[in-house]
Amino acid sequence: MTGTMKLTTTAAIAAFFFFANHVGETEATSIKMDYLPAAFARTDPIISQTCLSDHVHTFYGPQEVRPEVDHATLINSPDNINTGNVVENKSLYWHPTVYSYNRQTQTFTRDEMAQSSAYYIWENDVNTKAFPNGFKMIAGLNPNAPNNFPNAEAECVDPTPCTRSDGCYTENTFFPPTACSELEVSMSFPTCWDGVSLDSTDHQSHVRYTLDGALDGPCPGSHPVRLPQIQLFFRIMPYSGGWHTFSDMSSVFHADYISGWDANKLQSVLDNCRTDSFAASPDSFCEQFLTFRDGPKCTDESICDFGDPLLLAKLQAFQPPPLDVENIVSPEETAVVRELPRGTCTGTLIPLENVPSRAPSAPLPTRAPTVPSPTTSPEPDEDEEDETDTGDEDSDADESDGDEGLDGDEASDGDEPDEDEDEPDEDGDEPEDEDGPEDVDEPDEDEGSDGDEPDDESDEDGDEPDDEDEPDEDEDEPEDEDEPDEDEDEPEGEDEPEEEEDRSVSQAAVACEVSCWDGFHTCEAAIDSICGPYYENCKQECFESEATGDIAESELSACLDEWCMDDKELCYDEAASRCRTTRRDCIGFC
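As a further point, take the sheet that holds strand S16 (residues 255-258). The five strands are arranged S2-S3-S4-S16-S8 in an open sheet whose pairing can be described as antiparallel. Both edges of this open sheet fall to strand S2 (37-41) and strand S8 (136-139), since each of them pairs with a single strand only. Neighbour-to-neighbour, the strand axes of this sheet turn through a mean angle of 20°, independent of strand direction. Direction of pairing for strand S3 (residues 57-60) relative to strand S4 (residues 92-96): antiparallel, over a ladder of four bridges. Among the inter-strand pairings, Thr58 is bridged to a residue of S4, identified as His95.

Printed below as a string of structure tokens:
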């Protein structure tokens, strides 16, 4: 049994017994979403938006880990920089990085993470609300405080004696000193919300755990609104035992969360998906409502042992290139160090204007990319109208959640772009574009000759049908010459060119749509290069206006946090809308 199968079996057993204890009490649904680390950086976009944070964090989700990250940054991030397997979920999760301390060399070495998971769990029929746009929270900082139930745990799977050369001494009380084939660390976020605040001064007070800590327990009167519970897991396998510590040198597992969902999309999933899963179930996905980049998901117990044994390989297959943290965030070393980087607002944060752009700066496209069109091109007016209506909604129909508008766009953005996007990266767009039209041209001409006189040509010149219909069978001419004499072969002789033409037209259409998606992602990538500097210029104007007395000192905060932020979000929203419109027009052209 592989390590992946062990960890999923452990989670499955826990889920089974948890559910068994609640049979007849309630019905609930869960979704398992998997990740690899997006980056390791000394930033905390909730606590420190202008400088480096106190300690190094491990991030999961989009590779957006600078201090300035917010909901607008995440929701507008390209799909292909997300390390998670659900396209629609662009949320960012992070926790203190785990290090192994070697007493002989007196060095801290960053532990390697296996796959991590975010489980969303909610009760059915209790009006659970989606995380609103802009929502953020921190959980687990004060695990022993009254009414705090993060239930942080480090489970050692298949414990074995520690054999480290520097010994197995440790001063950390959270991580076990014994070795394990896998260490599974987990915790729960609060599920009760005050219904008003997207954040709070301590980043915790606007949310609470249920009064008894159970998923179906009562919420306090001050926090009456139900949210889906997030259970965050990370895994180290194998785990060496001995001295391991979080990057803040504590024995407390806390974690941070900024929602990257479109709230309407998540609400549709909460309202419509039901999997009869009360706990963190490794075989529960809501796959009909969400786009899994490693789908279809494996749920057959006889094959998957409650989880896909190829899960890690599937995750690795769509990961973006490693983020160049030293050139994008801070040049400080975090992998192997003699002293852990510490201290809020200490160290060097690379200025935002010096950060290299992810894509070349370019104006947002105002028309569809130029792509070769099939020779049997559709009527532009009819196709443009039909495809504009169905280009995004076809993919939404598969989810059966009926989302429209921005929600529909987000859903369609995630339905097939990653698969389409990956293929051109590997195979190249241009060969597909060139082959598509050529394939369409040839069957049109060949079909006329083959379809008119198939018997005569086959009887007199056996080579022609072989060369055009079945090129691979040229060497078998004697056999092919006999076949046309049989009447029952005539339909096959006529069908094959039609099938080849269908395939060619389909390939051309796919190549055309791939170009549309490429243009869309280029458009998305250019948004930062336009709206980012605009936002920075706005902030500079605020400071200058305050310095010259044009605005009072008391108005500076409003200028920075309200006026500039509103303009920034408006810029992102309008630019993203233009990208989506351009994509729809392009697909309509195809």
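Next, the rest of the story.
Next up on the list: a negative patch on the surface. Together, Asp561, Glu562, Asp566, Asp567, Glu569, Asp573 and Glu574 make up a negatively charged patch on the protein surface. According to the relative accessible area criterion, Asp567 is partly exposed, its value standing at 32%.

Attention now goes to the nonpolar core. Ranked by internal contacts, the top residues of the largest apolar core, which has 46 residues, are Tyr93, Tyr120, Phe131, Phe234 and Tyr257. Elements supplying a minimum of two residues to this core: strand S1 (28-35), strand S7 (116-123), S8, strand S10 (179-188), strand S14 (229-236), S16 and helix H3 (263-272). Core analysis: the next-biggest nonpolar cluster, separate from the first, contains 18 residues, Phe59, Val69, Leu323 and Val325 among them.

This part is about the environment of Arg578. Note that Arg578 resides in helix H16 (residues 553-589). Separated by 58 residues in sequence, Arg578 and Phe520 place their C-alpha atoms 9.6 Å apart.

Our next topic: the pairing of S4. The buried fraction of S4 amounts to five of the five residues, a majority that puts the element mostly inside the structure. Judged from the three bridges that link them, S4 and S16 form a sheet pairing that is antiparallel. When the bridges of S16 are listed, Trp94 appears paired with Asp256.

Ordered by their spatial adjacency, five strands build an open sheet running S1-S7-S14-S10-S9, and the pairing between neighbours is antiparallel. Each having just a single partner strand, S1 and strand S9 (153-160) make up the two edges of the open sheet. Across this sheet, the average inter-strand angle for adjacent strands is 15°, counted without regard to direction. Pairing between S7 and S14: five bridges, direction antiparallel. Considered in S14, the bridge of Ile121 is made with Gln229.

Cut-off values and rules
Residues numbered from 1 in each chain as written. Predicted model: local features only at pLDDT ≥ 70, side-chain atom pairs only at ≥ 80, totals over all residues. Heavy atoms only, no water. Pairing = 2+ DSSP bridges. Helix = DSSP H or I, 4+ residues; strand = E, 2+ residues; numbered from the N terminus. Axes fitted to C-alpha atoms, helices over the stretch in contact; angles between N-to-C directions. Patch = residues over 30% accessible without salt bridge, like charges linked within 9 Å, V, L, I, M, F, W, Y side chains within 5 Å. Areas by Shrake-Rupley, 256 points an atom, 1.4 Å probe, with all protein chains shown as cover. Salt bridge = Lys/Arg side-chain N within 4 Å of Asp/Glu carboxyl O. Lys, Arg positive; Asp, Glu negative; His and termini not counted. Charge placed at Lys NZ, Arg CZ, Asp CG, Glu CD. Buried < 20%, exposed > 50% of the residue type's maximum accessible area, 1.4 Å probe, protein only. Core = buried A, V, L, I, M, F, W, Y, C linked by side-chain atoms within 4.5 Å.

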